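Results of the structural survey
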Amino acid sequence: MINPFTRPRMLDRAFEVKMTRLLSEGKINSYYRYRSTLHAIQSFAGSEIRVTDVDSCWLKRCSRQWETRGLSSTTIRIYMCALKSIWHDLERQGQVRRARNPFADYTVPPPVRRRMALSRDAVRRISEWKGNATVEMYRDLWLFSYMCNGINFRDLLFLKYKNIVDGEIVFERSKTKGKMKETHLIHAAVSDRMKDIIERIGNKRITSDTYIFRYAREGMTPMEISSMVRKTIYLCNRSLRTIADELGIEHFTTYSARHSFATILNKSGVDISFISESLGHNSLETTKVYLAGFDREERRKISSFLTDFCNKE
């Protein structure tokens, strides 16, 4: 284990300890978040940063420099939250005094609510777009995510043929897996367009354990999984930007699929409890009661709203 205090309380050493622990625990995305934060801090203050140099004025200067560099308020918030977590670690270890917490006089930027949902008409135009075959492939992955209850790409890329049950894709969100008392399975009706996407860009089914898409493979390490997912999302987002530019619509990303799924169903008059259940949310205990009446045929009927492009909004 790296000792961050072989020299007088160095901030970058504390980050390295945190990152080493995250790697050992298989928390790869968190590792990347702290690594990016450390790089951003070093671009402002250099390496060998003394903890005693960090005060509220230092934080404000750092934030202003990041703004000047063009970092978004969301990115600055992520970096500052990571730095704040490091500071709390140092407090718990007794390496800094709680009384001199620089965050006591510095407010982390609030989250910015961005409009991520697309209109049904925009989704229709994206669906009909024709062009480069590679860009179309990534567009189809995005459409599949949108039609599959806004499934995130980590879960999408690891779907197997055994997840298709009675005309539905049934899966558990990796984000909440193991964090709930009961297994929470999500059901998404498989539309004709989804079948077509699987036929054109998916793997041929060999066994029920065959991955539907061609990106995941058995035996991947946590680092390999994270790298594969991040690379696929990057390439997909780059293709989506190309489509948006050609269509003259607002730029959208892989995450827009989830917001668009929820917003379009909501505008179509679908019960919000159904939407909550479809997204895999667990904050509303009453959702399970309301969902007692939503059977497979009802889910299939409601899924048609996602591609019913003839209807006006």
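Described in the following lines is the structure provided in the data block.

Here is what the cut-offs are and how they apply
- Residues numbered from 1 in each chain as written.
- Predicted model: local features only at pLDDT ≥ 70, side-chain atom pairs only at ≥ 80, totals over all residues.
- Heavy atoms only, no water.
- Helix = DSSP H or I, 4+ residues; strand = E, 2+ residues; numbered from the N terminus.
- Buried < 20%, exposed > 50% of the residue type's maximum accessible area, 1.4 Å probe, protein only.
- Contact = heavy atoms within 4.5 Å.
- Areas by Shrake-Rupley, 256 points an atom, 1.4 Å probe, with all protein chains shown as cover.
- Phe/Tyr/Trp six-rings, centres within 6.5 Å; stacked < 30°, edge-to-face > 60°.
- Lys NZ or Arg CZ within 6 Å of the ring centre and 35° of its normal.
- Salt bridge = Lys/Arg side-chain N within 4 Å of Asp/Glu carboxyl O.
- Polar contact = N/O pair within 3.5 Å; in protein donor to acceptor, adjacent residues only side chain to side chain.
- Axes fitted to C-alpha atoms, helices over the stretch in contact; angles between N-to-C directions.
- Parallel < 35°, antiparallel > 145°, perpendicular 65-115°, else oblique.
- Nonpolar A, V, L, I, M, F, W, Y, C, P; charged D, E, K, R; others polar.

Looking only at helices and strands, the protein features 13 helices and 3 strands. Within the protein, the fraction of its 313 residues that count as buried is 46%. Restricting to contacts in the protein with at least 6 residues of sequence separation, those with at least 24 account for 62%. Accessible area for the protein stands at about 17100 Å²; split by element, carbon and sulfur atoms hold 49% of it.

This part covers the packing of aromatic side chains. One pass over the full model with this rule turns up 9 aromatic pairs. For the ring pair Phe-144 and Phe-213, a centre distance of 5.1 Å and an interplane angle of 85° mean the geometry is edge-to-face. Of the two residues, Phe-144 is situated in helix H6 (residues 133–147) and Phe-213 in the loop between helix H8 (192–201) and helix H9 (222–247); the sequence distance between them amounts to 69 residues. What makes Phe-213 buried here is its relative accessible area of 0%. Feature note: the residues Trp-142, Tyr-146 and Phe-252 constitute an aromatic cluster, connected by ring pairs. It is Arg-154 that lies over the ring of Phe-158; its NZ or CZ is 4.2 Å from the centre. In this structure, Arg-230 packs its charged tip against the face of Tyr-32, placed 3.9 Å from the ring centre.

Our focus in this paragraph is the pattern of salt bridges. What the rule picks out here adds up to 16 salt bridges. Of the charged contacts, one joins Arg-193 and Asp-140 as a salt bridge, the two residues approaching to 3.7 Å between their closest N and O atoms. Of the two residues, Arg-193 is situated in helix H8 and Asp-140 in helix H6; the sequence distance between them amounts to 53 residues. Linking Glu-224 and Arg-217 is a salt bridge whose minimum nitrogen-to-oxygen distance equals 3.6 Å.

Looking now at the side chain of Thr-210. The residue Thr-210 is located in the loop between H8 and H9 in this model. Within the local environment of Thr-210, its side chain forms a polar contact with the backbone nitrogen of Ile-206, the two atoms lying 3.1 Å apart. Residues contacting Thr-210, with those up to four places away along its chain left out, are Lys-160, Tyr-161, Asn-203, Lys-204 and Arg-205.

Take the side chain of Lys-160 next. Structurally, Lys-160 is set in the loop between helix H7 (153–157) and strand E1 (164–165). Take Lys-160: its relative accessible area is 12%, and that puts it in the buried class.

Turning to the packing of helix H1 (residues 11–24) against helix H4 (residues 73–92), a few remarks are in order. One can describe the packing of H1 onto H4 by two numbers: an axis separation of 10 Å at closest approach and a directional angle of 95°. The orientation of H1 relative to H4 falls into the category roughly perpendicular. Residues Leu-11, Ala-14, Phe-15 and Lys-18 of H1 form the contact with H4, whose participating residues are Leu-83, Ser-85, Ile-86, Asp-89 and Leu-90. The class makeup of the residues in the contact of H1 with H4 is 6 nonpolar, 1 polar and 2 charged.

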